[in-house]
Every structure is written in structure tokens, then in C-alpha cells.
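If you want the building blocks of each chain, they are given just below.
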Amino acid sequence: MHRFWIFNHYATTPKTGPMLRHYYFAECLKDKGIETTVFAANELHQTGDRVDTEGKPYLRTEEGGVPFVFVKTSPYQGNGISRVKNMLSFFFGLLRIAKGCAKKYGKPDVIMGSSAHPLTGIAGIFVARRFRVPVIVEVRDLWPEAIFSFGKVKMDSIVGKLLSAGEKWMYVHADAIVFTKEGDVDHIKEMGWDTEHGGTIDLNKCFYVNNGVKLADYERSIQEDILEDKDLAADSFKVIYTGTIRPVNNVGNLLDTAKLLKDYPDIRFLIFGGGSQLEELKKRAEAEKLSNVVFKGFVEKKYIPYILSRSSVNILNYSQSQYNWSRGNSSNKLFEYMASGKPIISTVKMGYCILDQYQCGLSLEECTPGALAEEIKKLHDLPGESYAVMAENARQGARDFDFSVLTERLYQVIRYVEKD
């Protein structure tokens, strides 16, 4: 049996968290004769929880037949120096335990180091060199571009240039690169790092494997995890948002939009989620007498498929300015929305737009309450037959992002690096 190691700082099992991309890959790769072990940090991202490694450098567990190695890392809070220390401790932890894991459980045939941060990809390259096996670098978030876009570091600063040089080094030394957004390969071209622009990176080794949804589990959840709620059961045109309610998510924009649609008594905004702005926005809705807005608060994730399936339209409420959307979208929420079989409205117009590709939703050219209100009215007034086509397009499009399909794409990447 082939052995495949995946390094992902923030990966989880179903019991430890929601970051299940690599758990699902590992499940599906078993059917192809590949034993996949996922290496993750024992400090669980954004939860404050941790996996107890029992005083050892790592703890190896198994869930659903998928081996997981939780590497002991330093605790952290927020995005300050403690998080940087946590990243470094995971990086050095991987280097420290790799030899012992290989001796005890078998040497890998291929390694994949997956971002968010690039240190994990670099660790993958170092460990793969030690074992003389091929390495795949997976880029789920373009660092340092994301840092530059938030203005935390300037691209032309000394630190910015060092970060970009490290990113380039990682791409050059990877045997294959997997991007989760279709347009991320454009970044290599824009930087002039590809062979066509005088660089050394062969774009033939770049692949696209987006995020997705495990459709069998999703559809089962719709049938089994039912949330009894009178607003979900009502015969109204339901505009649904699910997610965190905080400034970066700009949920206030939905209230501004609802105000413009008060003359449509059957249109109701159902907002599911908790966050720092929840109470503030609830008070605002009461003060402005927005009877067409209902805040539902936090709900368990298991109810999300059912909630989305009861909608008339699901809203992807993004910020236009705080992210580079020209390269596409790899948000898990997008594929959950598609799987619900309901039309989608995105508050940003993206490059490589999946909503356009599958004709399953509408996108705003500019994120204003007026523009969003017009798109909601457009769907509200759409003839039943046209609405049904858009809904079915969403459902069918989700099949291309089922993890069985995504795993086949990853399997082809594994075959590619092994041929070399």
C-alpha cells in the first residue's frame, strides 16, 4: 500500500473541528490503495481547545480509519506573536518527529505540505528531501499576498521581499503545486516566476483542486438533522445568511437592504449565527422596526444543510475591499450553498466565477444595499420555471465539488509526482 503524508497545521477530524478537507481526502484515497496520514497541530485553531498529547511530542490517533498525528505546539491567542510562535513550533515539531513516525508506522511515498501559512509547505519540502520522496505544496491561501492586501506588510518592504522570496523558493522546489482557487496560478505569472516570463517554475506542475462538500453526508443531514423553526417552515421568500456576525462580514448591509424591501411583505431575512455584532444589530433592527429581519443566533453546524435547503436564496456576504477576489473562490460555504439546491447571491463579483460557470446565482458589481435589493427582487419575481433551473444548476454543480471528485483530481497529482 502506498503511504501519503499530509501536513496541515489546522486540519481536524470530525470530532476535533470543522477543517475536514484532508480527512475527507484520506477517506477517499483508501479506496485507491493509499494510506493517508494527516499531521496537524494539537492546538485547535480558533477554538481555544487542544488535543492532549500526554506529555509526548505527538499523539497518533485514528478516526474512521484515518490516521491523524497531532503535533505538540505552543498555545496561542489572536494573531500576535504567540500565533507566530505556534506556527514555528509546528514547523520544528514536524521536522523533529518525522523520522520516528516513519520508523514506527512506515516511510511515506509522497508528502504534501498544505498552507494556510507557508512554513508547512516548507516543512513538507525539508522532510521529503530527507526521505528522498516527491513533495506536493498545496496553497489554500496565498501568503504573503493576503498579508499585503490587509496592509499589515508592504510588498516592497524588506520583510515583504523576504516573504515573497520564501514563497518563490517553495514553488520552485515543489514537485507539484495544488491551488484551491482556479486563478491562483495567475499569481505566479504576475510575479514573473514562470518559464514563459523568464522564471524557473513550469506551470505544467500546477493543479487546481478546490474545496467542496461531502454530498452523501450533506444530503443525509438535510433529512435527519431537522431544525424545527416556524420561520423556516413559513411560506415566504426566505433570504438566508449563515455565518459569523462581526464587522468584517458586513451583516449591517443586509439590514440596509431589508429596509429597502419593506414593501415586499413576503420577503424575510433570516440571519443565523453569533458574533460580536449580534446584539448591536438586533437592537438596530428593533429601533428601525425592521419586521422583515429575524436574528436566529448561533446554531449547531449540523443544522446548516437543512436551514439552507429551506431558503429561497442564500447570501454570500463578502467584503469587496478586504480580499483579492479576482482569482476565484474556495469558500466551503459556497459549496454548501450549492449543495442545498437553492440560488445564491454573492455580494462581490469574482474572477473565475463559479456562480457564472454553473449559472446558479447572481453577483453584484458593487456591494450596495440598493444593488443587493435589486438582485433579490430579480429572483423573487423570476418565473417558477426559470427559478427551478437555477436551483437545479446549483445542485448539479455541487456534484463537481463532491470530495469523491476532488480526491480523483488529487490522485492524479500524486501520480504526476510519482512519474517524475
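An account of the accompanying structure is given in this report. (Residues numbered from 1 in each chain as written. Predicted model: local features only at pLDDT ≥ 70, side-chain atom pairs only at ≥ 80, totals over all residues. Heavy atoms only, no water.)

Considerations on the packing of aromatic side chains
Phase 1: Tallied over the entire structure, the rule returns 18 aromatic pairs.
Phase 2: One aromatic cluster is present, built from ring pairs that chain together Tyr23, Tyr24, Phe25, Phe68, Phe70 and Phe403.
Phase 3: One Lys or Arg, lysine 32, reaches over the ring of tyrosine 411 and ends 4.7 Å from the middle of that ring.
Phase 4: Residue placement shows arginine 60 over the ring face of tyrosine 105; its charged tip is 4.0 Å from the ring centre. (Phe/Tyr/Trp six-rings, centres within 6.5 Å; stacked < 30°, edge-to-face > 60°. Lys NZ or Arg CZ within 6 Å of the ring centre and 35° of its normal.)

Quick look at helix α3 (residues 119–131)
Phase 1: With 13 residues, α3 should cover 18 Å at 1.5 Å per step; its first-to-last C-alpha distance of 18 Å lies within 8% of that length.
Phase 2: In the segment just after α3, arginine 132 is the residue with positive phi, at about 60°. (Helix = DSSP H or I, 4+ residues; strand = E, 2+ residues; numbered from the N terminus. Expected span 1.5 Å × (residues − 1).)

Quick word on a nonpolar patch on the surface
Phase 1: Among the surface-exposed residues, Ile81, Val84, Leu88 and Phe92 lie close enough to one another that they form a single nonpolar patch of about 370 Å² accessible area.
Phase 2: Its location among the elements puts valine 84 in helix α2 (residues 81–105). (Patch = residues over 30% accessible without salt bridge, like charges linked within 9 Å, V, L, I, M, F, W, Y side chains within 5 Å. Areas by Shrake-Rupley, 256 points an atom, 1.4 Å probe, with all protein chains shown as cover. Salt bridge = Lys/Arg side-chain N within 4 Å of Asp/Glu carboxyl O.)

A closer look at the side chain of threonine 73
Phase 1: On the secondary structure map, threonine 73 appears in the loop between β4 (66–71) and α2.
Phase 2: Polar contacts involving the side chain of threonine 73 include one to the side chain of asparagine 86, which spans 3.2 Å.
Phase 3: The residues touching threonine 73, leaving out its near neighbours within four places in the chain, are Ala41, Asn42, Glu43, Asn86, Ser89 and Phe90. (Polar contact = N/O pair within 3.5 Å; in protein donor to acceptor, adjacent residues only side chain to side chain. Contact = heavy atoms within 4.5 Å.)

Section: the nonpolar core
The tendency in soluble globular proteins is for nonpolar side chains to be buried as a group.
Phase 1: Core analysis: the largest hydrophobic core is formed by 64 residues, its most contacted members being Phe4, Ile136 and Ile307.
Phase 2: Looking at this core, the element that brings in the most residues is helix α16 (residues 403–419), giving 6 residues.
Phase 3: When sequence neighbours within four positions are dropped, the list of residues in contact with phenylalanine 4 reads Leu29, Ile34, Glu35, Thr36, Thr37, Val110, Ile111, Met112, Ile136, Leu410 and Ile414.
Phase 4: If you look at the next biggest cluster of nonpolar residues, it comprises 37 residues, including Ala41, Ile97, Val185 and Ile188. (Core = buried A, V, L, I, M, F, W, Y, C linked by side-chain atoms within 4.5 Å. Buried < 20%, exposed > 50% of the residue type's maximum accessible area, 1.4 Å probe, protein only.)

Overview of the sheet that holds strand β3 (residues 58–63)
Phase 1: Ordered by their spatial adjacency, 8 strands build an open sheet running β3-β4-β2-β1-β5-β6-β7-β8, and the pairing between neighbours is mixed. Each edge of the open sheet is held by one strand with a lone partner, namely β3 and β8 (206–208). The sheet shows a mean angle of 20° between the axes of neighbouring strands, direction not considered.
Phase 2: Judged from the 4 bridges that link them, strand β2 (residues 34–41) and β4 form a sheet pairing that is parallel. Bridge pairing links phenylalanine 39 to valine 69 in β4. (Pairing = 2+ DSSP bridges. Axes fitted to C-alpha atoms, helices over the stretch in contact; angles between N-to-C directions.)

Remarks on the packing of helix α1 (residues 21–29) against α16
Phase 1: Across the interface, α1 lies against α16 with an axial gap of 9 Å and an inter-helix angle of 75°. Overall, the two elements α1 and α16 adopt an arrangement that is roughly perpendicular. Residue-level inspection shows Arg21, Tyr24, Phe25, Cys28 and Leu29 of α1 in contact with α16, the latter providing Phe403, Ser404, Leu406, Thr407, Leu410, Tyr411 and Ile414.
Phase 2: Looking at side-chain class alone, the contact of α1 with α16 contains 9 nonpolar, 2 polar and 1 charged residues. (Parallel < 35°, antiparallel > 145°, perpendicular 65-115°, else oblique. Nonpolar A, V, L, I, M, F, W, Y, C, P; charged D, E, K, R; others polar.)

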